[in-house]
Amino acid sequence: MNAYFDGYVHFNTTLKEFVEQYENALRKKVEKEEEEDARCFNKQMKNVSPYGFEDQFQDAYTLEKYKDFQAQVAGKIACNFTSMKVVDDDISKFEIEEDMKVGEKGILKTVTFHVCYNEESKESNCTCRLFESKGIGCKHIVMV
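All of these numbers come straight from a predicted model, not from anything done at the bench.

Visitor: What am I meant to see in the overall build of the protein chain here?
Guide: Looking only at helices and strands, one finds 6 helices and 4 strands in the protein chain. Across the protein chain, helices and strands are ordered from the amino to the carboxyl terminus as α-α-α-α-β-β-β-β-α-α. A total of 144 residues make up the protein chain; the buried ones form 22% of that total. Summarising the internal contacts of the protein chain: among those between residues at least 6 apart in sequence, 30% fall at separations of at least 24. With the model as given, the accessible surface of the protein chain reaches about 10,600 Å², and the carbon-plus-sulfur share is 52%.

Visitor: Could you clarify how one ought to interpret the environment of Asp88 in this entry?
Guide: Structurally, the position occupied by Asp88 is in the loop between strand S1 (79-86) and strand S2 (91-102). Along the sequence, Asp88 and Asn118 sit 30 residues apart, while their C-alpha atoms lie 9.0 Å from each other.

Visitor: For this particular structure, what's the right way to read the pairing of S2?
Guide: Each regular strand displays side chains that alternate between the two surfaces of the sheet. Bridge analysis of S1 against S2 gives 7 bridges, and the strand direction is antiparallel. Paired with Asn80 across the two strands is Glu97, which belongs to S2. The hairpin turn running from S1 into S2, its antiparallel successor, is 4 residues long. One ladder, built from 12 bridges, connects S2 with strand S3 (residues 107-118); its direction is antiparallel.

Visitor: How do you make sense of the packing of helix H3 (residues 53-60) against helix H4 (residues 63-75) when you look at a structure like this?
Guide: For any two helices packed against each other, the geometry comes down to the angle between their axes and how far apart the axes lie. The contact between H3 and H4 brings their axes to 8 Å, and the two run at 155 degrees. By the angle between their directions, the pair H3 and H4 is classed as roughly antiparallel. At the point where H3 passes H4, the crossing takes the right-handed sense. Facing Phe53, Glu54, Phe57 and Gln58 of H3, the residues of H4 in contact are Leu63, Lys65, Tyr66, Phe69, Gln70 and Val73. Among the residues making up the contact of H3 with H4, the classes are represented as 6 nonpolar, 2 polar and 2 charged.

Visitor: Hey, could you run me through the sheet that holds S3 in this one?
Guide: Strand pairing in a sheet relies on backbone hydrogen bonds, with the paired strands running either antiparallel or parallel. Strand order in the open sheet formed by 4 strands is S1-S2-S3-S4, and the pairing between neighbours is antiparallel. Unpaired on one side and paired on the other, S1 and strand S4 (123-126) mark the two borders of the sheet. Neighbouring strand axes in the sheet, compared pairwise and without regard to direction, differ in orientation by 25 degrees on average. Where S3 and S4 come together, 4 bridges link them in antiparallel fashion. In the strand pairing of S4, Tyr117 is matched with Ser124.

Visitor: Even after reading the chapter, I still don't get the packing of aromatic side chains, so can you show me in this structure?
Guide: To describe a pair of aromatic rings, one takes the distance between the centres and the angle between the planes. Scanning the model with the defined rule gives 4 aromatic pairs in all. Plain terms: the ring middles of Phe57 and Tyr61 are 4.3 Å apart, the flat faces sit at 25 degrees to each other, and that makes the pair stacked. Since its relative accessible area comes to 11%, Phe57 is described here as buried. On the basis of relative accessibility, which here comes to 37%, the residue Tyr61 falls in the partly exposed class. When the centroid spacing of 4.1 Å and the interplanar angle of 5 degrees are considered together, the rings of Phe57 and Phe69 count as stacked. Highlighted residues: Phe57 in helix H3 and Phe69 in helix H4, separated in sequence by 12 residues.

So, how was this worked out
Residues numbered from 1 in each chain as written. Predicted model: local features only at pLDDT ≥ 70, side-chain atom pairs only at ≥ 80, totals over all residues. Heavy atoms only, no water. Helix = DSSP H or I, 4+ residues; strand = E, 2+ residues; numbered from the N terminus. Buried < 20%, exposed > 50% of the residue type's maximum accessible area, 1.4 Å probe, protein only. Contact = heavy atoms within 4.5 Å. Areas by Shrake-Rupley, 256 points an atom, 1.4 Å probe, with all protein chains shown as cover. Pairing = 2+ DSSP bridges. Axes fitted to C-alpha atoms, helices over the stretch in contact; angles between N-to-C directions. Parallel < 35°, antiparallel > 145°, perpendicular 65-115°, else oblique. Left-handed = near helix turned anticlockwise from the far one by under 90°. Nonpolar A, V, L, I, M, F, W, Y, C, P; charged D, E, K, R; others polar. Phe/Tyr/Trp six-rings, centres within 6.5 Å; stacked < 30°, edge-to-face > 60°.

Rendered as structure tokens:
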């Protein structure tokens, strides 16, 4: 939230000023999205995989979001599928291990993530919560 309102509000902002600045921030965000959509309209990027889902993502999102998603597709190389179990009639839970470099020395550590997939609704979610925070599918969901 701080990044969203950065430059619009401060700790002394009144409620009336906040509402006005919220409208300004929202208007600016819409303008930026429209500019980005116009800039991306005729520009195509090369996919990093042979799969059609990249084309679908590129058609639906801006180039910046597509670049973020491409990084996830490329990052799936560090992931390994370890198990799957059905937890409900329509819900399957997948365990994905990812090798990650952590700390200043970049020590390799294996981190486990869980992806739940609902067959009926075709929805999935991951414990990394990337979709909830950035609006793009993560490498763990791509694995599934």
